[in-house]
Amino acid sequence: MSLALPAWTPPSAPIAGDDTQFPVRRIFCVGRNYAAHAREMGHDPDREPPFFFMKPADAVRSDGRFPYPVATGDVHHEIELVVALGAGGRDVPEATANDLIWGYGVGLDMTRRDVQAEAKKLGRPWCMAKGFDHSAPIAPLHPKSATGILADGAISLTVNGETRQSSVLSALIWSVPETIAYLSGLVELKAGDLIFTGTPDGVAAVQRGDRLVGHVDGLTPLSVEVV
Ligand code: MN
């Protein structure tokens, strides 16, 4: 097959302790997956079915810098456990969903909150609130073979040394295998897909010069400066 344009290198994320990169195919994100965050956004955290939005694959950024985006004055941090898939499937049973996981990383679902609020008010899509350039800072991924299954560690974010978000993975409304099973009933999942699993409460605005450090137990921290 010949292409009309030169092919580009797939977006990728670094792998901890390895020179190779993890090729990123698509980025799926779960909305309102911690009850306390659903409440702070004005929603009843009853266990509704999970819902999803997406970011473009090339929104990933791993150089420790987050350029303050255009077209907003209210950019929020959302610290999240990121699940990287090494295999795909459709209608995957919850009982075998963890088999699709290649590994895990710490990520930020950066959000133009003012753009999102306007979209919610007008019933418009969230794409420009969530899927802007560089909106998915991510730390080096760790293979599941090294971490085991992550289900109950701590997740937190500090901004300039002060804790802003702090929770545990066991507080996820929809667990990782439940999320994979549900999502695979909506689309066929593929190797290279990333799933941002949702953020705990404590989301807030960032400013240029802020230093964000995200932690998930067992993973390399994500350190990002807003530039
Ligand atoms: Mn999020």
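Above this note sits the structure.
The rules behind each value
Residues numbered from 1 in each chain as written. Predicted model: local features only at pLDDT ≥ 70, side-chain atom pairs only at ≥ 80, totals over all residues. Heavy atoms only, no water. Buried < 20%, exposed > 50% of the residue type's maximum accessible area, 1.4 Å probe, protein only. Helix = DSSP H or I, 4+ residues; strand = E, 2+ residues; numbered from the N terminus. Arc of directions from axis to C-beta. Contact = heavy atoms within 4.5 Å. Phe/Tyr/Trp six-rings, centres within 6.5 Å; stacked < 30°, edge-to-face > 60°. Pairing = 2+ DSSP bridges. Polar contact = N/O pair within 3.5 Å; in protein donor to acceptor, adjacent residues only side chain to side chain. Salt bridge = Lys/Arg side-chain N within 4 Å of Asp/Glu carboxyl O.

### Concerning helix 2 (residues 113-122)
Then, in step 1: The set of residues buried in helix 2 consists of R113, Q116 and A119. All buried residues of helix 2 project into a common sector of 120° when viewed along the axis, lining one side.
Then, in step 2: In this fold, the buried residues of helix 2 make contact with strand 7 (75-76), strand 10 (111-112) and helix 3 (127-130).
Then, in step 3: Once helix 2 finishes, G123 follows within two positions and takes phi at roughly 70°, a positive value.

### With respect to the packing of aromatic side chains
Then, in step 1: In total, this model carries six aromatic pairs according to the counting rule given.
Then, in step 2: Where F22 meets W102, the ring centres are 5.2 Å apart and the plane angle is 45°; that geometry is what we call tilted. Of the two residues, F22 is situated in strand 2 (residues 18-23) and W102 in strand 9 (residues 101-108); the sequence distance between them amounts to 80 residues.
Then, in step 3: Residue classification places F22 among the buried residues on the basis of a relative accessible area of 5%.
Then, in step 4: Consider the rings of F52 and Y182, whose centres lie 6.4 Å apart with planes at 25°: the pair is stacked. Placement of the pair is F52 in strand 4 (residues 52-55) and Y182 in helix 5 (residues 176-183), with a sequence separation of 130 residues.

### A closer look at the pairing of strand 9
Then, in step 1: The element strand 9 is extensively covered by neighbouring structure, given that seven of its eight residues are classed as buried.
Then, in step 2: Of the strand pairs in this sheet, strand 8 (residues 79-85) and strand 9 are connected by seven bridges, and their pairing is antiparallel. Paired with L81 across the two strands is V106, which belongs to strand 9.
Then, in step 3: Sheet topology places strand 9 next to strand 12 (residues 142-143); two bridges connect them, and they run antiparallel. Paired with G103 across the strands is P143, a residue of strand 12.

### Some thoughts on the environment of G192
Then, in step 1: As for its placement among the helices and strands, G192 is situated in the loop between helix 5 and strand 15 (194-196).
Then, in step 2: By relative accessible area, G192 is classed as buried at 6%.
Then, in step 3: Spatially, the C-alpha atoms of G192 and A181 are 17 Å apart, while their sequence positions differ by eleven residues.
Then, in step 4: If we ignore the near neighbours within four places in the chain, the residues touching G192 are F22, P23, V24, R25, R26 and L85.

### Describing the environment of S223
Then, in step 1: Inspection of the secondary structure assignment puts S223 in strand 17 (residues 222-226).
Then, in step 2: What makes S223 partly exposed here is its relative accessible area of 33%.
Then, in step 3: Along the sequence, S223 and A97 sit 126 residues apart, while their C-alpha atoms lie 30 Å from each other.
Then, in step 4: A distance of 2.9 Å separates polar atoms of two side chains, one belonging to S223 and the other to R211.

### Description of the pattern of salt bridges
Then, in step 1: According to the stated counting rule, one finds nine salt bridges in the structure shown.
Then, in step 2: A salt bridge links R26 to D193; the shortest N-O distance between them is 2.7 Å. On the criterion of sequence distance, the pair formed by R26 in the loop between strand 2 and strand 3 (27-30) and D193 in the loop between helix 5 and strand 15 is long-range, its members being 167 residues apart.
Then, in step 3: In this structure, the salt-bridge partner of E118 is K121, at a minimum N-O distance of 3.4 Å. Separated by three residues within a single helix, E118 and K121 lie in helix 2, roughly one turn from each other.
Then, in step 4: K121 gets classed as exposed once you look at its relative accessible area, which sits at 63%.

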